[in-house]
Amino acid sequence: MSPMMIFPLFLLVVGIIVMVQPRTKRWQSRMNAYFQGDKRRIKQRANTFFLLGLAFLFAGFAYLFRLVG
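Time to look at a nonpolar patch on the surface. Taken together, the side chains of M1, I6, F7, L9, F10 and Y63 define a hydrophobic patch exposed on the protein surface, amounting to about 660 Å² of accessible area. Among the elements that take part in the nonpolar patch, helix α1 (residues 3-20) stands out by supplying 4 residues, more than any other. On the secondary structure map, F7 appears in helix α1. Overall, F7 belongs to the partly exposed group, its relative accessible area being 40%.

By volume, the largest pocket amounts to about 180 Å³. Lining the largest pocket are M19, P22, R23, W27, Q28, K43, A46, N47 and F50. Counting residues per element, the lining of the largest pocket draws most heavily on helix α3 (residues 39-68), at 4 residues. The residue makeup of the lining of the largest pocket, split by class, is 5 nonpolar, 2 polar and 2 charged.

Let us now look at the packing of α1 against α3. Running from N to C, α1 and α3 cross one another at 160°; their axes reach a closest spacing of 7 Å. When the interaxial angle is binned, α1 and α3 end up roughly antiparallel. Seen along the crossing, α1 lies across α3 with a hand that is left-handed.

Tallying each qualifying case throughout the model produces 3 aromatic pairs. When the ring of Y34 is compared with that of F35, the centres are 5.0 Å apart and the planes differ by 75°; the resulting orientation is edge-to-face. We classify Y34 as exposed; its relative accessible area is 58%.

A few words on the UniProt feature "transmembrane region" (unreviewed entry) in the protein. Residues annotated by UniProt as "transmembrane region" (unreviewed entry) correspond here to residues 6-24 and 45-65. Between the first and last C-alpha atoms of residues 6-24 the distance is 27 Å; the span itself is 79% helix and 0% strand. With 100% helix and 0% strand, residues 45-65 has end C-alpha atoms that lie 30 Å from one another.

Bringing the nonpolar core into the picture now. Core analysis: the largest hydrophobic core is formed by 5 residues, namely W27, M31, F35, I42 and A46. Sequence-distant contacts of A46, that is, excluding residues within four places in its chain, are made with P22 and W27.

Criteria and thresholds
Residues numbered from 1 in each chain as written. Predicted model: local features only at pLDDT ≥ 70, side-chain atom pairs only at ≥ 80, totals over all residues. Heavy atoms only, no water. Patch = residues over 30% accessible without salt bridge, like charges linked within 9 Å, V, L, I, M, F, W, Y side chains within 5 Å. Areas by Shrake-Rupley, 256 points an atom, 1.4 Å probe, with all protein chains shown as cover. Salt bridge = Lys/Arg side-chain N within 4 Å of Asp/Glu carboxyl O. Helix = DSSP H or I, 4+ residues; strand = E, 2+ residues; numbered from the N terminus. Buried < 20%, exposed > 50% of the residue type's maximum accessible area, 1.4 Å probe, protein only. 1 Å grid on protein atoms, 1.4 Å probe; cavity = no way out; pocket = protein on both sides within 12 Å on 5 of 7 lines; lining within 4 Å. Points joined across faces, edges and corners; volume = space filled by probe spheres on them. Nonpolar A, V, L, I, M, F, W, Y, C, P; charged D, E, K, R; others polar. Axes fitted to C-alpha atoms, helices over the stretch in contact; angles between N-to-C directions. Parallel < 35°, antiparallel > 145°, perpendicular 65-115°, else oblique. Left-handed = near helix turned anticlockwise from the far one by under 90°. Phe/Tyr/Trp six-rings, centres within 6.5 Å; stacked < 30°, edge-to-face > 60°. UniProt positions renumbered as here; feature names shortened; annotations may be inferred. Core = buried A, V, L, I, M, F, W, Y, C linked by side-chain atoms within 4.5 Å. Contact = heavy atoms within 4.5 Å.

The following block contains the structure:
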């Protein structure tokens, strides 16, 4: 594997991790404590993490496409 291939794969892995993080029990319990049970703000934060992870995925695919193509 070439060193140039590591960065797009890193972005893809980070994107998946950031998208899955709000689904973990630890994250949910910490956000519940931080926002004091405000479900709207917890869902808003989870959606922000999802969009951030999606941006990492798109960037990773773009770099991978540019590297391969």
